[in-house]
Amino acid sequence: MGNSYAGQLKTTRFEEVLHNSIEASLRSNNLVPRPIFSQLYLEAEQQLSSAEASSRADNEEEEEEEEEEGSESSSPPISYQMKPPPEGCCTTDGFCQAGKDLRLVSISNEHIEVPSGFLLVGAKSPNLPDHLLVCAVDKRFLPDDNGHNALLGFSGNCVGCGKKGFCYFTEFSNHINLKLTTQPKKQKHLKYYLVRNAQGALTKGSVICWKGAEFRSRQTSSSTCSSTLFQLPESLGPSGSLSNEPLPATNSNALSGTQQAVAVTDHIPSTTAFSSAVYNGKESPKQQLVKNNLSGLTRPSVLGTLTNSGPPKKRHKGWSPESPSSTETWNLQLNPQVPNRIKNDGGSLSSLPHSALMGPASSPMVGSGEPVSVPDNLLKICKAKPVIFKGHGNFPYLCGNLNDVVVSPLLYTCYRNSQSLSRAYEQYGASTIQPISEEMQLLLTVYYLVQLASDQVPLIEDLEQIFMRSWRESHLSEIRQYQQAIPQTFSQVPSQIAPVTSAQLPWLAGLAASSCNDSVHIIECSYSLAEGLSEMFKLLIEGKLIKTNYVVIICASRNRAIDSCIVITGKYQARVLSESMLSPSDYQKEVNYQLVTGKVETLGSFFSTLCPEGDIDFLLEKFYQENQKHISSSLSASVKKPTTLNGTGTAICSSYDIERHQIRPFQLAVAQKLLSHICSIADSSTQNLDLGSFEKIDFLICVPPSEVTYQQTLFHLWHSGILLELGLEKEHLTKRRVEQYVMKLDVEAQIKFKVFLQNSVQNPHTLFVLIHDHAHWDLMSAMHSLYPQTELSTGLVDRLLNCREVKEAPNIVTLHVTSFPYALQTQHTHISPYNEIHWPSSYSNGVDLYHENKKYFGLSEFIESTLSGHSIPLLRYDSSFEAMVIALGKRFPRLHSAVIRTFVLIQHYSAAMMAVCGLSQMKNYTSVETLEITQNLINSSRQCPSGHGLMVVLRIPCTPLAAVAYERLYNVRERLALEDNFEIILGNPNSGITIGKHFVEQLKIWQKIEDVDWRPQTYLELEGLPCILIFSGMDPQGESLPRSLRYCDLRLINSSSLVRTTLEQELGLAAYFVSSEIHTEKAVVNDVVESDPEKLSSTDNEDEEIATEGSTSEKRSPMKRERSRSHDSASSSLSSKASITAFCSESSPPLITTGDTTKSSQQVLSSSAEESTNNSERPKQKVDKGAQTMISKHLPPVSEQLDTKQNIKNAQITITSSSSSPFSSSSSCTASTHNSFILQTSQCSMTKASKQPPIVFLPKLVYDIITSTDSSGLPKSSSLLPYHSVMWASSFRPLMSKTMTCTEQSLYYRQWTVPKPIHMDYNNRNEGRMDTFHPRRLLLSGPPQIGKTGAYLQFLSILSRMLIRLTEVDVYDEEEININIKEESDQYYHQPGDVWPDLETFKKIPFDYTIHDPKYEDASLICTKLQTINSEDRSMSRRQEDMYTQRQTTRMRLSKYAAYNTYHHCEQCHQYMGFNPRYQLYESTLHAFAFSYSMLGEEIQLHFIIPKSKEHHFVFSQPGRQLESMRLPLVTDKSEDYIKSPTFTPTTGRHEHGLFNLYHAMDGASHLHVLVVKEYEMAIYKKYWPNHIMLVLPSIFNSAGVGAAHFLIKELSYHNLELERNRQEELGIKPQDIWPFIVISDDSCVMWNAVEVDCSGDRKSDYTWTERNVSLKQILQHIEATPNVTHYALIGMRKWASKTNSAEIKEPFSCCHVHDFIMLNVDLTQNVQYNQNRFTCDDVDFNLRVHSAGLLICRFNHFSVMKKQIAVGGQRSFHVKSKVSDTPVSISPAQYICAPDSKHTFLAAPAQLLLEKYLQYHSHRFFPLSLKNYNHPVLSVDCYLNLGPQIAVCYVSSRPHSLNISSSGLTFSGLLLYLCDSFVVASFLKKFHFLKGATLCVICQDRNSLRQTVVRLELEDEWQFRLRDEFQTANAKEDRPLFFLTGRHI
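Small disclaimer: the values here were computed from a predicted structure and weren't measured.

What counts and what doesn't
- For every chain, the first residue of its written sequence is number 1, and the numbers climb from 1 along that sequence.
- Reporting of local features is limited, given that this is a predicted model, to residues whose pLDDT is at least 70; pairs of side-chain atoms are given and counted only at 80 or more, and all residues count toward the totals for whole chains, interfaces and linings.
- Side-chain metrics in this entry use all non-hydrogen atoms of the structure; hydrogen atoms and water are not considered.
- Ring pairs are drawn from Phe, Tyr and Trp, using the six-membered ring of Trp, whenever the two centres fall within 6.5 Å, and their geometry is named by plane angle: stacked under 30 degrees, edge-to-face over 60, tilted for the rest.
- In this text, helices come from DSSP runs of H or I with a minimum length of four residues, and strands from runs of E with a minimum of two, each type numbered from the N-terminal end.
- The buried label applies to any residue whose accessible area, calculated with a 1.4 Å probe on protein chains only, is under 20% of its type's maximum; exposed applies above 50%, and partly exposed to all values in between.
- We call a charge positioned above a ring when the Lys NZ or Arg CZ atom is no farther than 6 Å from the ring centre and deviates by at most 35 degrees from the ring normal.
- Disulfide: a pair of cysteine sulfur atoms within 2.5 Å of each other.
- Two strands pair under a simple rule: DSSP has to find at least two bridges between them.
- Angles here are taken between N-to-C directions and fall from 0 to 180 degrees, while the axes themselves are lines fitted to C-alpha atoms, restricted in helices to the stretch in contact.
- In what follows, a contact means two residues having at least one pair of non-hydrogen atoms within 4.5 Å.
- One number per residue, pLDDT, summarises how confident the predictor is, and it ranges from 0 to 100.
- The arc refers to the directions leading from the helix axis to the C-beta atoms.

Chemist: Help me understand the packing of aromatic side chains, please; the structure alone is not making it clear to me.
Modeler: Note on aromatic pairs: each is described by the distance of the centres and the angle between the planes. As enumerated under the stated definition, the model contains 41 aromatic pairs in all. Measuring from ring centre to ring centre gives 5.6 Å for F756 and F768, while their planes differ by 90°; the resulting arrangement is edge-to-face. Residue F756 is located in helix α27 (residues 749–762), and its partner F768 is located in strand β16 (residues 766–773); the two are separated by twelve residues in the primary sequence. Since its relative accessible area comes to 6%, F756 is described here as buried. Pairing Y822 with Y1309 gives two aromatic rings, centres 5.4 Å apart and planes at 55°, and the pair type is tilted. Of this pair, Y822 sits in the loop between β17 (812–818) and β18 (836–838) while Y1309 sits in helix α44 (residues 1302–1312), and the two are 487 residues apart along the sequence. Residue Y822 shares its accessibility class with Y1309, and that shared class is buried. An aromatic cluster is built from F1868, F1884, F1888, F1890 and W1919, whose rings are joined through pairwise contacts. The ring of F1516 has R1521 sitting right over it, with the charged end atom 4.5 Å from the ring centre. Looking at K1540, its charged tip hangs above the ring of W1635, at a distance of 4.4 Å from the centre.

This is the structure we're talking about:
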């Protein structure tokens, strides 16, 4: 960790003391446990710290000067009277008395003559704080570099007027107008040397080093201090004496100070990291100790019981914290614009270019006062550019050699952010909770730096977490006390607690740094940082900081805030940090510059000196010449194999299979989640998406400008078939057509996008889905681009996808798709958190949710493989490579590390290729890892009979470097004659794939492609091709890699750019699907099943390396697994197979002959490493000299000491001896027989590669970050800044947790990150409005390569299907019933083309009593006269109650004239529906409306709910606004714009699904529509239909049926007609002129059709007809215009059916029953009422009454109504259940009636409903003779009740003058008297004839009226009654049951 104390005896005591101190603080009962800092300063008043004592000597000299500095002392200054200037001389500040300008800025470019021995220096005038005055001073009177040897006195000249010989500084100060008020002293006013810069201008140089006492290197004092400290405790005896309690105050100063200082020195560095596992991937040895002692030890803001918080005392005249600060310029406040400047750069490793960080003009770091000169040749001497992190306070100017330093504002920003308290903590009040102090921040920073290892780099995120935890821990106790303690007690605590003071700070920092072996060096300075920086540069030049990685410079003055900065001087750390500050474009420029200018040539020449045999190129050439013939012949044999075909013409290897488009369960689940989000947007009340208005789908997929990604998306789109499915393209699809739907975000994108926008405007009924794939790419703001303007593609996403047209188009939905959504989840995001869809987890509570045949390997699985318990980690780093890079970095400091890393890796690959080809001496010049990769690549194609091989991805982000690598590796391959063995492909994002002709032919054979011109265009098409893919481009852009990928070499990724998205997307390249069959059982490494001898050839370590990953037992194992330490192949030769058998090919196993299968692979390997070797990679090669030479060529570099001959000998022995071993599950031996190398039908390498994830090599820095976890187990990479163009909103943010779901992570980033100005979301802030989300934007996130493309294409498919489904509706499609009963007559009363009925003609049409509506298929037939009906016709099986739900329906596309339910939203009907925000005037008023009705015997009071917008339809009384009537038009009114008839729709249970939106049906015409609802449903209907008029029925009708609603509608309408006649009569209008019609419509009428008849044929009887959908407006206006319309009582229309009867068309008008949608003449039907008690068939009953009253019923056969099938509400809302128990028990209709006074279970249902249901299903019990006896119907008087389909009824009216059928020839089988009134008399009944044994049923309201009816109608004369024939409905008495009496005809 960088502070290891191994081997130091003294530190054992040190740790003991620390431990004791911790224990004591834990056991303390104090209210506030005293932290270590406070113990250091116990009784501060009486004691002097050792630091003070040691600095006494220094202070003696300073005292005199301090006393004179009035600005720094609280005592009054000594007055000084200047001599008055001579008369007439100049007294202007900055000029001498001769009037010459002395200011440096004015004369810096003038030539100044300086006598020899003199130097130019800068003097400071108190009146010109920002200027230096130039003086020439004799250098003998100036100090040397150590601050000594200056002669007393002064000698100087004025450079302005040239006056010489000033011998006194007082005289000189007068001359140059210093105007001092204190005694002039040269030490005080001569501040800087002046030097000439490269341009010859005079600039401020280094500080003049007076006395040497004003700044000191703390290293000396702290080392002496620590040496004494370490000795004292030795004499204290056993540690027990110190253990439990702090020492009492009476202890000697030295002792107590020592003890506590020791405690701090050891304890703090290890505990400030708190959970040390977080930091830089290293674990602290004292992690457990830390966890146990957080609360007591991390309270940095308190210091025991100090009463004076000042610094340790000096002997000056008094000090007060309120003293005025110095007037000197370096105490300036921070530049006010700094916060804004800094904030934009966030808390990430900044990407500011150097130019922006240096120089006085450009940097926010600019300080004031003394400049610091950067020494020349700094880089040359130090081998690294120091990185200066500005800390607290002011920062001095830098001048001189600025190119050799880097200045960063990062730490400054971090400190500032940590100073600002988050709002979350303000609740505790500012007085109690204070931010962490500056001193504490600096101290914690020092502790953090101390514990960093030499190969680690400091991370800002680590520091922020330390500050956060420290602050939180230090305030936890205060918060608790604030909540628990007595207020008086607590109020005194803060006054007793004092913070670390600035004077104590340097001492404590030095103490902390004393233990780190000089890796952290503290410099303390008195006046300004300039002194410390100068000192630091001096030490650097002198080579005194060779071991030092970090220099902390502290300027801690007594009476002002501290100044600090931290300089990174460690070569490795400085390099990483300085490179991390380059923006991506600067990084590319830097590398390009180094390549172009030839700076890298020094690197090449250095490499050539490494090889003792000479230059590598020389060796290659030599090899080429010597072995050309031999290699070409041997290789050609193996290379020709792939083209070998069997008899059928297919390749021999059968394992080749490129997966085509198929939808996996996961993808389907995600597609459905996307669809449900779209639906929820549409369903919300915001009306942002009206799905109902769209007829089809169109889409555009935007992809990054990578040619491969573009082609890959086209490939997916083509094979998905989605274009044909959506109907966008026809069968013959061309590639050019497919390209219309995919857009590359490059310069040409704007043209394609413009077409897309135009299409969206032209097709408002098409829903356009804009899919932004790889959406985290290019989130640059179009307004604020950091990149050069030449890059037109920058900010393109913002320009196109965020343009106003996209945002405002109501038919464009944007879907962002990405694996790394973090940058789209900021405080200013456009995407609502509710519109995020995250890829689902495959496991939930251990249950596999989606059964997939493949297992996904992503980042978490790769990390898990590095834990112990896994055979071989999938993530690795290469330590030998890293070591070489670091060494070369020191040798070539000016070269960018990317250049060095690339050249080293190319060298390694070149050497490895040479080694594999036989130049075994080259093995020493490569690493084990690279050798393994190269070997497996070259050998892979030789193992497969078809030549399939592996892919190796070599990631080189920088394109110029990738080109260099390609060229070099290509040349090496050519020299080694491997050009036919594997391909090298340069993958450039801007260009396609280029591969050799030989390999194209191979791919065509494998993929069975016959197209001559075919070339692979995606990496997926390279499946099985042995190749190195050099993958370039700064970021991957969504390219997918094939399953033959085996190695992913990421050693060259930019490891200094530590951003979560960057790291994860690089690792995402390796994300992979493996066949999950492998993981079903936990396999043991090298475990061979007996029955599978072929598997022997593949039981290689790596085949099994993921065996434990997928096993559920492993996942659920509760054992804590530690991370395996064998990931570095050099440190443990076991982690890499190549390290054991470097020449072993992919499919040849190590020969392990151990019976213990329970050993891990690592144990097995280690136990047999010496004797294990391998069979050859070439089949059927004899063990002869050839084999031996081959083996010796490929010998493993296992342990270098192994003898080569011994290895060969072992190989032979093992091979021969193993031939006899049996195949058993416990031995893994070769299957070779007859002493020969025989491969058992070797398995293709590519096939094996597809069954295991690739192996990933990472830079060490990245590896540490990826594999280290925080305390919650979360990988450290997750807590990094998520994206380079966002920044943390505050350092005061909670840590992320491993248990966070994707949704919680999203909410975390939405709260804690803000976009920088360069981010496209930066301006997405609507002041004063919370909602900045775009309503039609969705975000789909899922791991890389998991199948998001397939998921969103599937989403388009199901969205299209849903839209079609939304625009369709199920309508009843049933043919009319009882057609055969209808009288067939040749007489037609009207012509087919007649549009209106003729009144006189119509009167002649006889009424058709028969019911033809199919919904009454199970209703009783109505007989008119003697009819011969076959009994079979009606002998259908009796229907169940729910039979109507199974009625025949058909799907119909909704037309533009449809009626809609509440789910329909469109622009046109917003106002109609009342949801539009602009129309919030829809407050409704409730109006009572009463009228009396004699039949009910009481006044009826109804309530109208009338929205304000509908009040014009009503008349109100002027005073009081009482509702008087509903306005009615005149019969003579004619208007195209409105409908005259008010429409009433009775409804129940259908507030959502009822079709009440008639806006489109009425074609926008004005109409009056009233919903008739029950009282208990009023609120819910009002909510869903705020702009509809409601008629609320009285509460007594809450349980009534539809009859009650119809009854009240009709009675109300007639009463209203009377009121309107009276009202308008006063206006002179005749009563008969008032419009008398109303419309009564069902709530399920969805569309209306009209038949158009064409009678243009030759003969009158010839006609053709067509049916089309029309608006309800057209139909109603047509009917309302009927001549003599007021003579019709009821007008209706047909029920639509797909098979329309031509006879109905022939006769355009019928006189028959009308249903569902009727126009009712309330005037004519005044005396005909609906039966208010009825639940069913009330319309049939009413029709019969109307007809019997002699009124006309007309059905327009050319019009039809479609009824939608609605599964809820209506009749279904009535449930018959028991009144006693709540449990829903099904009750059959037979139980609906019972004997009076019986103990039958009563039912909670209206009596009328029970009666109707009983009669429908069981009427045969009352009328046994009537069953199927259609010629002898039941006589039903004054009513129609449904007695079931097997009984016929005959309706007669008892009213005088009523029209009845002639019953003369009819004999009835029964008589039904239902609630008969006074019109029914005995004489009326005696007209009818009954069969003998016919039955009678009398139904009355009570038993009394039952008896009265029997008597009044003299029924006992003809009918016989028995006592037991009396029944009642199964109701309780309070529910008023109905009573029955049955009897038999005598």
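Chemist: How do you make sense of the state of the cysteines when you look at a structure like this?
Modeler: According to the stated counting rule, one finds zero disulfides in the structure shown. No disulfide involves C1876; its sulfur sits 5.9 Å from the nearest other cysteine sulfur, which is in C1900.

Chemist: I'm lost on the sheet that holds strand β25 (residues 1027–1031) in this one. Help?
Modeler: What links the strands of a sheet is backbone hydrogen bonding, and the strands pair in either a parallel or an antiparallel sense. Reading across from one edge, β22-β30-β26-β23-β25-β24 is the order of the six strands in this open sheet, with parallel pairing throughout. Both outer strands of the open sheet, β22 (875–877) and β24 (983–987), are each paired with one neighbouring strand and no more. On average, each strand axis in the sheet is tilted by 20° relative to the strand beside it, whichever way the strands run. Pairing of strand β23 (residues 951–955) with strand β26 (residues 1045–1049), which is carried by four bridges, proceeds in the parallel orientation. Considered in β26, the bridge of V952 is made with Y1047. Contacting β22 and β30 (1255–1258), helix α43 (residues 1260–1267) crosses the sheet at an angle of about 145° to β22.

Chemist: For this particular structure, what's the right way to read the environment of N1684?
Modeler: One can find N1684 in the loop between α50 (1672–1680) and β47 (1688–1695). Sequence-wise, N1684 and D1398 are 286 residues apart; in three dimensions their C-alpha atoms are separated by 8.6 Å.

Chemist: Would you mind showing me how to read the confidence of the model for the protein here?
Modeler: Detailed reading of the predicted model is not advised wherever pLDDT is low. Per-residue confidence for the protein gives a mean pLDDT of 76; residues scoring 70 or more make up 71%. In this model residues 1078–1241 is a low-confidence stretch, pLDDT under 50, and it forms 310 contacts with partners more than four residues away in sequence or in other chains.

Chemist: Looking at this structure, I do not really get helix α21 (residues 601–610). What am I missing?
Modeler: Residues lying three or four places apart along an α-helix face the same way, a consequence of the helix completing one turn every 3.6 residues. Within the span of α21, buried status applies to L603, F606 and F607. Considered in projection along α21, the buried side chains sweep an arc of 100° and stay on one side of the axis. In α21, those exposed residues whose orientation departs by more than 90 degrees from the buried face are E601 and T609. On its buried face, α21 sits against α31 (879–891) and α32 (897–916).

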